[in-house]
Amino acid sequence: MQLKDLLRFDKIVIQCHDNPDADALASGFALKWFFAKNGKDVKFIYRGRNEIQKSNLVIMVKKLEIPVEYMPFISTEDEPDLLITVDCQYGEKNVTMTSAKHVATIDHHRKLNNSDNPLTNINSDLGSCATVVWQMLKDEDYDPNENKNLATALYYGLYTDTNKLSEVSHPIDRDMLDSLVYNKSIITEMSNSNISLEELKITGKAILNFDYHEDNKYLIIEAEPCDPSILGVISDFSLETENVDVCIAYYVGPYEIKFSVRSCSKEVYANELAAFIADGIGGGGGHKLKAGGTIKPDLLTMPAEDVINDRLKLYYETYAVIYAKDTTLDTTQMSRYSKNPQTLGTVKLSDVFPIGTSINIRTLEGDVDAVIDEDAYLMIGIEGEIYPISGSKLMKTYEFTNFRYTRDFEYEPRIRNLSTGEIKTVLPYAKTVRSSGQSIIYAAPLIQPVKLFTAWTDEKYYSGRVDDYIAVRADDEHDIYIINKDIMEKSYKKL
């Protein structure tokens, strides 16, 4: 669904969930701005038992002039042509039912099983509903920076829903952060009014009742239901404790279980651990050091405390850790493969920006910072994955054709000049290369998940799942890497 699909309705009500948070307020504000600019009769409301009371939200509504109304009671005579539920879904327990002729949903939470309404845009991969709405506005060629209060609200919506941006993982979230021109002083004022005295008590009580696991040096801390940012405060503070490498703070609420993950261990990525904890029962993500997620209580068959404990224990038992520079694989137990002739894409980075330019390469897999030199290239893999490669290594295995490279991406990678802020997409610069098929490797399927630190860096690991392949170049015993199972089947031939 696109915003233009909703312009056929004249009388519109935008409703966020009861006890709205900053993300709900920002998202509703943006939608009201859009429909008002299109001449619609539009209201932005919230319902429930309580008006907004949290200090940061009171400041947000007042300073950013958010036109939201508290309407605990609505006459049936005021039934709108269209009700848009934002940052929530119609029928959920946390949103008071409002009758309407038609209902649309814009959200970033897990989609309800019965949610098959075509007037729906739900993207649970994004960190905030504000990002969903921002992308919808951009798709209609509307720029939220026309209203600095709106841009500030959208920024704060993502800021609060991702624990001060520590859980941002999707490139569209990062694109929004890069694009918004916001009021920094108001963000600071709201951020410094985020914890009440009662929440300070919650923080202290939670920390006093920590659960420490000495074998793997991690803490589990349960807090009372609170603003999710409090979990970040708890886990950030607790991670500074001696002999604590990982901390998970969580609370069990009536509608969701929120958790925060912090890691100072290079062998545990916080975002990977968050995804592991929430797998199949919610969602999780973020950065290597800071992450978090949400679990749906109705998907659990045991108490949340037991689920989190069991999954943490399983996480540490699951992975083998390999440092390639200190490891020599037994190739007598592995098969020999050659790379199939295949057509891939490559970008010479000096064609995009001049040599010496500091850049940020943004992909669906994450951001990579680099400085362009004459030998710097990007490869576009068989599954569309993007990774840096040196020209010297590229020439050993591939030969250039005279064709441009084209393909469809879920998110087309972008390259940003860190000095000027200029952004360019990669496809206009992509050329086709064809593999020679002369590269020989030894490879074998993994029988347990692996974290592999390559010979080129021991600060970043690559994860391999069961049935992915661990491989080593025949001409370099320490050039060990992981190959995705699907890519292995498409790219290599057994000799």
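Now for a look at the structure at hand.

What counts, and at which threshold
Residues numbered from 1 in each chain as written. Predicted model: local features only at pLDDT ≥ 70, side-chain atom pairs only at ≥ 80, totals over all residues. Heavy atoms only, no water. Helix = DSSP H or I, 4+ residues; strand = E, 2+ residues; numbered from the N terminus. Buried < 20%, exposed > 50% of the residue type's maximum accessible area, 1.4 Å probe, protein only. Contact = heavy atoms within 4.5 Å. Areas by Shrake-Rupley, 256 points an atom, 1.4 Å probe, with all protein chains shown as cover. Lys, Arg positive; Asp, Glu negative; His and termini not counted. Charge placed at Lys NZ, Arg CZ, Asp CG, Glu CD. Pairing = 2+ DSSP bridges. Axes fitted to C-alpha atoms, helices over the stretch in contact; angles between N-to-C directions. Phe/Tyr/Trp six-rings, centres within 6.5 Å; stacked < 30°, edge-to-face > 60°. Lys NZ or Arg CZ within 6 Å of the ring centre and 35° of its normal.

**Comments concerning the overall build of the protein**
Consideration 1: The number of helices and strands found in the protein is 13 helices and 29 strands.
Consideration 2: Counting only C-alpha atoms and orienting by the principal axes, one finds that the protein spans roughly 75 × 55 × 40 Å.
Consideration 3: Residue burial in the protein is summarised as follows: out of 495 residues, 51% are buried.
Consideration 4: Contacts spanning at least 24 positions in sequence make up 65% of the contacts within the protein whose residues lie at least 6 apart.
Consideration 5: On the protein, roughly 23,500 Å² of surface is accessible, and the fraction owed to carbon and sulfur atoms is 48%.
Consideration 6: Each charge class in the protein was averaged separately, 54 positive and 76 negative side chains, and the resulting centres sit 3 Å apart.

**Section: the sheet that holds strand S17 (residues 366-371)**
Consideration 1: Judged by pairing direction, the sheet is antiparallel, and its four strands sit side by side in the order S17-S16-S21-S22 without closing on themselves. Of all the strands in the sheet, just S17 and strand S22 (423-425) have a single pairing partner and so form its edges. The average angle at which neighbouring strand axes cross in this sheet is 25°, direction not considered.
Consideration 2: Along the sheet face, helix H5 (residues 171-179) touches strand S16 (358-363), S17 and strand S21 (414-417) and points at about 135° away from the line of S16.

**Considerations on the packing of aromatic side chains**
Consideration 1: With the rule as written, the count across this model stands at 16 aromatic pairs.
Consideration 2: Ring centres 6.2 Å apart and planes at 85° place the aromatic pair Trp33 and Tyr142 in the edge-to-face group. Here Trp33 is found in helix H1 (residues 22-37), whereas its partner Tyr142 is found in the loop between helix H3 (129-139) and helix H4 (148-161), with 109 residues between them in sequence.
Consideration 3: Trp33 gets classed as buried once you look at its relative accessible area, which sits at 12%.
Consideration 4: Summarising the aromatic geometry, the rings of Phe453 and Tyr461 are spaced 5.6 Å apart at their centres and angled 70° between planes, so their arrangement reads as edge-to-face. Considered together, Phe453 and Tyr461 belong to a single accessibility category, that of buried residues.
Consideration 5: Chaining the aromatic ring pairs together yields one cluster made of Tyr218, Phe276, Tyr315, Tyr316 and Tyr319.
Consideration 6: Sitting over the ring of Phe409, Arg407 keeps its end group 5.5 Å from the ring centre.
Consideration 7: If you follow Lys424 out to its NZ or CZ, it ends over the ring of Phe353, 4.7 Å from the centre.

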